[in-house]
Amino acid sequence: MRLLLTTSQGIEDLARAELESLLSGLGVPFRVEEKPLGVEGRVLAEIGEAFYTDEKGRKRELSVSTYLNERSRLLHRVIVEIASGRFEGIGEEEPERALKRIEEFVSGLPVERYVKVSESFAVRSFRKGEHRITSIDVSKTVGKAIFERLERFGTPRVNLDHPAVIFRAELIGEVFFLGVDTTGDSSLHKRPWRVYDHPAHLKASIANALIELAKPDGSPFIDPFCGSGTIPIELALRGYAGRIIGLEKYRKHLRGAEMNALSAGVLERIEFILGDATRLSEYVDSVDFAVSNLPYGLKIGRKSAIPRLYMDFFSELAKVLEKRGVFITTEKRAIEKAITENGFEIKHHRLIGHGGLMVHAYVIE
Ligand code: SAM
């Protein structure tokens, strides 16, 4: 079986490491490839069959996709790949020609192996890059090709609202993927615990990527701009044994973070503090790890205030941080100045796709 896994751009290596660790735990043979066909935000896994022994001692096949949907912290979707291919020149082609190519490709695929004719289906599509066709065109074309193929076996049923099987078609640049989306309509990064929706909340997958980069070792950890609590909550859900602190300046967001933590079942594990990160040393004497997505000024506050805010925050951080910090922001110049002028060293930098932007992530010591 081939699984196409989706995640945020820029964290494919971390998603791959998580996947390898989860699959190793199953004891199945597997091979993992980052960015298959050069596509960012995607990881491909070729996996052998997995089995478990049920309570009556019988050997049963284990659904690896269900296992990954339940366990992964960094993936967005788990898609059973039906086929993929490179469609050279599709970006410039006339819509009719481009859609004809997709239709012919899908018509030749054994989609009947993935849906019973008695089951309803729908096609959801994702398109990225320069094309003269829309994602709606792709959905309609793929849906028609699947329908016509299934008609050979009976009367197919389409249900766009509540389908039993969701086919996912992706056209990213020149690459086309078709698969069955085992995750469903809600991406895994949309956590069920989120009852308070902060206007600039971090995707839970990226929160976990930042935690991976920080490599916290069980000693005290803080998110000094915790907003709705995504980072501390995800850390607590990983079973982190050490002290976890979330600091936030605005009462409304802090209340929201507490509500989210309560809904996640980890409120007792996190110390939420109402306070100003530019006065960090007034609330904590020492922390080993600090991980945060800083206010960018795009969605929150005045952009002109950002350099001062970062400078004041990193000068406070220098008084309390013992080991490592991981921060993301769009404000490259302001953060690099604040990091270096306060005696920290940038150990690692990468770009991560978040909310349609490429955001700068830094590991500092
Ligand atoms: N990671 C959070 C989440 O997932 O909800 C979102 C963080 S948001 C980008 C930045 C947060 O920093 C906002 O909630 C904002 O209210 C808070 N903030 C702004 N200035 C602050 C300050 N001086 N001290 C502490 N928090 C501050």
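The shown structure was predicted, so the numbers you read here are calculated from the model rather than taken from an experiment.

Colleague: Could you give an account of the site of the ligand, naming the residues involved and the relevant values?
Modeller: Near the ligand, the surroundings consist of 22 residues, among which His-198, Ser-228, Thr-230, Glu-248 and Asn-293 are the closest. Here Lys-249 contributes a backbone N or O atom positioned 3.3 Å from a nitrogen atom of the ligand. Take Asn-293: an N or O atom from its side chain is 2.5 Å from a nitrogen atom of the ligand. Protein chains bury 97% of the 600 Å² of accessible surface belonging to the ligand in isolation.

Colleague: Any chance you could break down the pairing of strand E10 (residues 175–181) for me, citing the residues and the numbers?
Modeller: Taking burial as the measure, the seven residues of E10 include seven buried ones, the bulk of the element. Both strand E6 (residues 77–86) and E10 contribute to a ladder of seven bridges, which runs antiparallel. The partner of Ser-84 across the bridge, within E10, is Phe-177. Count of turn residues in the strand E9 (residues 165–172)/E10 antiparallel hairpin: two residues, of which Gly-173 carries a positive phi of about 60°.

Colleague: Explain unusual backbone geometry to me, and be specific about the residues and the numbers.
Modeller: Phi angles above zero are rare outside glycine, and Lys-35 is one such case at about 45°. Residue placement: Lys-35 occurs in the loop between strand E2 (30–34) and strand E3 (42–47). Look at Lys-35 and you get partly exposed, because its relative accessible area is 35%. Positioned with a positive phi, Lys-215 is a non-glycine residue whose angle comes to about 50°. With respect to the helices and strands, the residue Lys-215 is situated in the loop between helix H5 (204–214) and strand E11 (221–223). When its relative accessible area of 59% is taken as the criterion, Lys-215 is described as exposed.

Colleague: How would you explain the domain arrangement of the protein if you had to name every residue and give the values?
Modeller: Each assigned domain of the protein is listed here: domain 1 (2–181) and domain 2 (204–364). Computed over C-alpha atoms, the centres of domain 1 and domain 2 are 34 Å apart. Of the residues lining the interface, nine residues belong to domain 1; the matching set on domain 2 comes to 15 residues. Each partner contributes to the roughly 930 Å² buried at the junction of domain 1 and domain 2, and carbon and sulfur atoms together form 56% of this total. The largest contributions to the domain 1 side of the interface with domain 2 come from Gln-9, Leu-14 and Arg-73, which together make up 53% of the buried area.

What counts, and where the lines are drawn
Residues numbered from 1 in each chain as written. Predicted model: local features only at pLDDT ≥ 70, side-chain atom pairs only at ≥ 80, totals over all residues. Heavy atoms only, no water. Near = heavy atom within 4 Å. Polar contact = N/O pair within 3.5 Å; in protein donor to acceptor, adjacent residues only side chain to side chain. Areas by Shrake-Rupley, 256 points an atom, 1.4 Å probe, with all protein chains shown as cover. Buried < 20%, exposed > 50% of the residue type's maximum accessible area, 1.4 Å probe, protein only. Helix = DSSP H or I, 4+ residues; strand = E, 2+ residues; numbered from the N terminus. Pairing = 2+ DSSP bridges. Domains from an automatic or database assignment. Contact = heavy atoms within 4.5 Å. Buried area = accessible area lost by both parts, 1.4 Å probe.

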